[in-house]
Amino acid sequence: MKIKRYMAASMRAALDQVRAEQGADAVILSSRRLEEGIEVIAAVEYDEALFADATLKRAATAEIADAPHAPAEPGIAAAPLRTQAPKESAPLQAPLGIEWVKLTDLENPAYPPPERVQAPATAVMPAPAPARISAPASDNGYLATQREVKDLRELLQGELAHMSWNDKRLRDPQQARVLEQLTAMDIAPDIAMSLAALAPQCTGLKDPAHIPLALILKQLQVVDKLSPVNGGVIALVGPTGAGKTTTIAKLAARWSMEHGSQDLALVSTDGYRIGAREQLMTYARMLGAPMHVANSGKELAEVLERLKTKKLVLIDTAGMGPRDVRLSEQLAALQLGAARASVLLALPAHSEPHALEEIVRSFAKVSPAACVLTKVDEAASLGAVISTALRHKLRIAYLCNGQRVPEDLHAAHERRVWLVRAAHKLKENAPQRVDEGYFARNFGRATAHA
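Residues numbered from 1 in each chain as written. Predicted model: local features only at pLDDT ≥ 70, side-chain atom pairs only at ≥ 80, totals over all residues. Heavy atoms only, no water.

### Notes on the sheet that holds strand E10 (residues 370–374)
Phase 1 of the analysis: Pairing in this open sheet of 8 strands is mixed, and the strands run E7-E6-E8-E5-E9-E10-E11-E12 from one edge to the other. For this open sheet the edge positions go to strand E7 (291–293) and strand E12 (409–411), each flanked by a neighbour on one side alone. The mean inter-strand angle of the sheet, taken between neighbouring strand axes irrespective of direction, is 25°.
Phase 2 of the analysis: Across 5 bridges, strand E9 (residues 342–348) lies against E10 in parallel orientation. Paired with leucine 344 across the two strands is alanine 370, which belongs to E10.
Phase 3 of the analysis: Of the strands in this sheet, E10, strand E11 (396–400) and E12 are in contact with helix H15 (residues 412–428), which crosses E11 at around 65°. (Pairing = 2+ DSSP bridges. Helix = DSSP H or I, 4+ residues; strand = E, 2+ residues; numbered from the N terminus. Axes fitted to C-alpha atoms, helices over the stretch in contact; angles between N-to-C directions. Contact = heavy atoms within 4.5 Å.)

### So, the pairing of strand E2 (residues 27–34)
Phase 1 of the analysis: Of the strand pairs in this sheet, E2 and strand E3 (residues 37–44) are connected by 7 bridges, and their pairing is antiparallel. For arginine 32, the partnering residue across the bridge sits in E3 and is glutamate 39.
Phase 2 of the analysis: Hairpin remark: E2 followed by E3, antiparallel, with 2 residues in the connecting loop.

### Remarks on the packing of aromatic side chains
Ring pairs (aromatic) are described by centroid distance and by the angle formed between their planes.
Phase 1 of the analysis: Counted under the stated rule, the structure contains 0 aromatic pairs.
Phase 2 of the analysis: The ring of tryptophan 418 carries arginine 415 above its face, with NZ or CZ at 4.5 Å from the centroid. (Phe/Tyr/Trp six-rings, centres within 6.5 Å; stacked < 30°, edge-to-face > 60°. Lys NZ or Arg CZ within 6 Å of the ring centre and 35° of its normal.)

Quick look at the structure:
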């Protein structure tokens, strides 16, 4: 190891001298500020282990030299030199300046850390920290144990659910069979449980497979006498693409066929969708009925005031998605301008269960009197829309199963049995997609936790 002392007016100048004479691999052993400038001691071919050992020995020697001299008693050996690091209250000091670093580290913009920039002239060698268990290792062990407990709990719950479902099959085979048949129709688990609880132990039906259909028919609510022949103001609301305009046209055509168009009027509040008003205007011209436009709640109230002599006024509203920020504004305008209107909610039967739930909750602000099941012919399963109607106790007013005007509009009280049979038929020939795990998860656990 070759050590050399440098003096310069600044630290930067001293480092430049070290770099020029000893190269970039030089190690700074010490630095301090003197009256004549900055003193830097640097070395090349540096061995850190040897230097640390020499530093400890020199410090121990200095400590013994500073201690008071006591005469040693005869026959008693002198105490060995103490080489361990002292306590933090009396830190061991290196004979040189700051702790040694490489010159290349000093040239790194990220070096030294902020606390080392303000280091004192004489650096302190830190005492070795006591051994301890690292926190990450302890945390990892705790998390691993927590995961194992969670996996064990889920495994136990799954086994208990399977046992409970198998026990239900043995104790109440009739109810278990009803649950299986309702599930095959895509009826939601919560609705299936509610219906199966009403299943009789004994039945007079020749075919027990008809029990689920009878339970649905008994609980499904329909509007018995709601018809456009009753007249009044009817507003149709629903999401974009639900078939509202076509349904309005079907209702208007059905009225015209029975009573003529002289007491019929159509109103459009849809100023967002391109071509929406033109489509309704086309239907109005074909029926020979007037059509009016309202862009706000105030305008809608004025239009309805002028049309108060009409026996039937049909309002086609703008289609808004449940998460559309303009939906609240549109519903508020409808409530302001047509507070006395009977509101029908268009529910597209081919939608997913979560989408149907979102539609019902979003349009609940206008308190729909009933719903219209649209696009029934496009649905691969009717279980989701039936479950939604049962869950929210929505009365069904009409069914729409095609684009023909007005042939594909049907009163729900006349087609209720057809709707339930169609739901059963759609799943009758479908491949079995439900496994035993589904029944255990949805029906076994419910029994086990009851």
